[in-house]
Amino acid sequence: ENALLDELAGWISQARRGVFFGGAGVSTDSGIPDFRSAAGLYAQRGEGDSPEYLLSHECLMYEPEKFYHLYKNELVHPEAKPNAAHEAVNTLVDRGHLSCVVTQNIDGLHQAAGTQKVFELHGSTARHYCVGPAAHEATLEQVMQAEGVPYCQQCGEMIRPDVVLYGEALDENMIEGSVTALAAADLVIVGGTSLNVYPAAGFLRYYQGDRLVLINAEPTAWDSRADLVIHGRLGQVLTAALERL
Ligand code: NAD
C-alpha cells in the first residue's frame, strides 16, 4: 500500500500535463450515491422501469413525469459540497501537475472546489433550457420549484437539463477537449468510476503514455490495462499522495 502511494506521488510530482478522469465515486463522500456499487442508485431500486430507461431521451420525451420524478428526487443534490477528493484534485491542478479534469459527473462539484478547466462529458444539472427552438434558459431553482414537469415561462415548451441522457450524443466540444488533453497527457489518474459507461470510458484509449493510474473502491474492467491500481477510497488515497509530494 505505502509503496503504491510512493509511486503515485512520484509520478504526480513529475507530471506537467496530467489529466484526472473521474466518475460518480468522486462524489459519494459528498453524499451523492453512485450508480453501480452496492449502495448505489441501481441496487436501491426495486421493481419497475430500469434506471437506464428512466434516464433516457425516450423517457424524457414520452413520459417526462417519470423522468422528472427520478431527476428531482435522486439526481439533483443542491446541498452537496466538494469533498477531499475534489479538493485534492484542485490542488494538483493549482500546482501545475494536472492540466484539466474530465468528468462523467453532472454535479458541478469540481467547479465548486475551484477547478476551472473541467470537461463535463455528461453535462451538468446546473444548466437547463427549454426544448423549443429558442432554447430559453431556466434555473435549477425554477425546475425544482415547478410541480412535476417544468415548462418554459417564455414559450411554454418543456424544460430539460443540460445532461446527456441514454440515447443521446455527447457534446462535440467536450469530446474534442477531453480527447486532446488525454492524448497530450503525461499522467492519467482515473478515480471513482466503474468504467462501464461508453463512450466515456473509451476515451482513455487516447492516452498514449505508460502512467495510467486507477483508484477505485473495487476492481474495474480496466484494472489489467492500468500501470498502477490502488483499491481504496479516492479522497484518502489522493490526500495521502499529496502528503508525500
Ligand atoms: P458508477 O456508479 O458506475 O461507478 C462508481 C465507482 O466508484 C464504483 O466502482 C464504486 O466502487 C466506486 N466508488 C464509489 N465511491 C468511491 C470512493 N469514495 N472512492 C473510490 N471509489 C469509489 O459510476 P460511473 O462510472 O461514473 O458511471 C455512472 C454514470 O452516472 C456516469 O455517467 C455519471 O454521469 C452518472 N452519475 C453521476 C453522479 C454525479 O454527478 N455525482 C452520480 C451518479 C451517477
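Residues numbered from 1 in each chain as written. Predicted model: local features only at pLDDT ≥ 70, side-chain atom pairs only at ≥ 80, totals over all residues.

### Some words on the overall build of the protein
Scanning the protein from N- to C-terminus turns up 10 helices and nine strands. For the protein, the C-alpha radius of gyration of 18 Å lies close to 18 Å, the compact-globule estimate for 245 residues. Taken over the C-alpha atoms alone, the protein extends approximately 55 × 40 × 30 Å along its principal axes. Taking all 245 residues of the protein together, 38% fall into the buried category. If you take every contact in the protein between residues at least 6 apart in sequence, the share linking residues at least 24 apart comes to 64%. (Helix = DSSP H or I, 4+ residues; strand = E, 2+ residues; numbered from the N terminus. Rg over C-alpha atoms; globule rule 2.2 N^0.38 Å. Buried ≥ 20, exposed ≤ 12 C-beta atoms within 10 Å, placed from the backbone. Contact = placed C-beta atoms within 7 Å.)

### Overview of the confidence of the model for the protein
For the protein, the average pLDDT comes to 96, and 100% of its residues sit at 70 or higher. Here the predicted complex carries an ipTM of 0.96, next to a pTM of 0.96. (pLDDT = per-residue confidence, 0-100.)

### Thoughts on the domain arrangement of the protein
When the parts come together, some accessible area is lost, and that loss is often what is quoted as the size of the interface. Domain boundaries in the protein define domain 1 (1–32 + 82–122 + 169–245) and domain 2 (35–76 + 127–163). Computed from C-alpha atoms alone, the centre-to-centre distance between domain 1 and domain 2 is 27 Å. Across the boundary between the two partners, domain 1 contributes seven residues, which contact four residues of domain 2. Of the residues that constitute the side of domain 1 that touches domain 2, the class distribution is three nonpolar, three polar and one charged. (Domains from an automatic or database assignment. Nonpolar A, V, L, I, M, F, W, Y, C, P; charged D, E, K, R; others polar.)

### Let's talk about the pairing of strand S6 (residues 159–163)
Summarising burial for S6: four of the five residues are buried, a large majority. Bridge count for strand S4 (residues 123–130) against S6 is five bridges, and the pairing is antiparallel. Across the sheet, His128 pairs through a bridge with Pro161, a residue of S6. (Pairing = 2+ DSSP bridges.)

### Remarks on the site of the ligand
Taken together, 27 residues form the shell around the ligand, and within it Gly23, Gly25, Asp34, Asn105 and Ser194 come nearest. Tallied by class, the residues present in the shell around the ligand amount to seven nonpolar, 14 polar and six charged. Counting the residues that make up the shell around the ligand, at least three belong to each of domain 1 (1–32 + 82–122 + 169–245) and domain 2 (35–76 + 127–163). (Near = placed C-beta within 6 Å.)

### Quick look at the sheet that holds strand S9 (residues 228–231)
Within the open sheet, the six strands sit side by side as S3-S2-S1-S7-S8-S9. Their pairing is parallel. Every interior strand has two partners, whereas the edge strands, strand S3 (118–120) and S9, have only one. Across the sheet, the mean angle from the axis of one strand to that of its neighbour is 15 degrees, orientation sign disregarded. Examined bridge by bridge, strand S7 (residues 188–191) and strand S8 (residues 212–216) share four bridges and lie parallel to one another. (Axes fitted to C-alpha atoms, helices over the stretch in contact; angles between N-to-C directions.)

### Thoughts on unusual backbone geometry
Following Tyr198, the chain continues to Pro199 via a peptide bond in cis, the omega torsion being 10 degrees. Position of Pro199 relative to the elements: it lies in the loop between S7 and S8. A positive phi angle, close to 45 degrees, is found at Ala135, a residue other than glycine. Assignment of secondary structure puts Ala135 in the loop between S4 and strand S5 (137–138). Classification of Ala135 by C-beta neighbours within 10 Å gives partly exposed; the count is 13.

### What about helix H9 (residues 172–184)?
Relative to the 18 Å expected for 13 residues at 1.5 Å per residue, H9 spans 18 Å between its end C-alpha atoms, a close match to the ideal helical length. Those residues of H9 that fall on the buried side of the exposure criterion are Met174, Ser178, Ala181 and Leu182. Down the axis of H9, the sector holding all buried residues measures 100 degrees, keeping them to one side. Opposite its buried face, H9 presents the exposed residues Glu172, Asn173 and Glu176, each directed more than 90 degrees away. (Expected span 1.5 Å × (residues − 1). Arc of directions from axis to C-beta.)

### Quick look at the environment of Gly96
Of note, Gly96 is situated in the loop between helix H6 (84–94) and strand S2 (98–103). Residue Gly96 is classed as exposed on the basis of its C-beta count, with 11 C-beta atoms lying within 10 Å. Residues Gly96 and Leu140, spaced 44 residues apart in sequence, show a C-alpha to C-alpha distance of 33 Å.

### Quick look at the nonpolar core
Of all hydrophobic cores here, the largest spans 39 residues; its most connected members are Val19, Val89, Leu98, Cys100, Val102, Leu182 and Val188. Take this core: its biggest share by element is five residues, from H6. The contact partners of Leu98, leaving out residues within four places of it in the chain, are Ala15, Gly18, Val19, Phe20, Val89, Leu92 and Val93. Core analysis: the second largest hydrophobic core is formed by 12 residues, Leu55, Cys59, Val163 and Leu165 among them. (Core = buried A, V, L, I, M, F, W, Y, C linked by C-beta atoms within 7 Å.)

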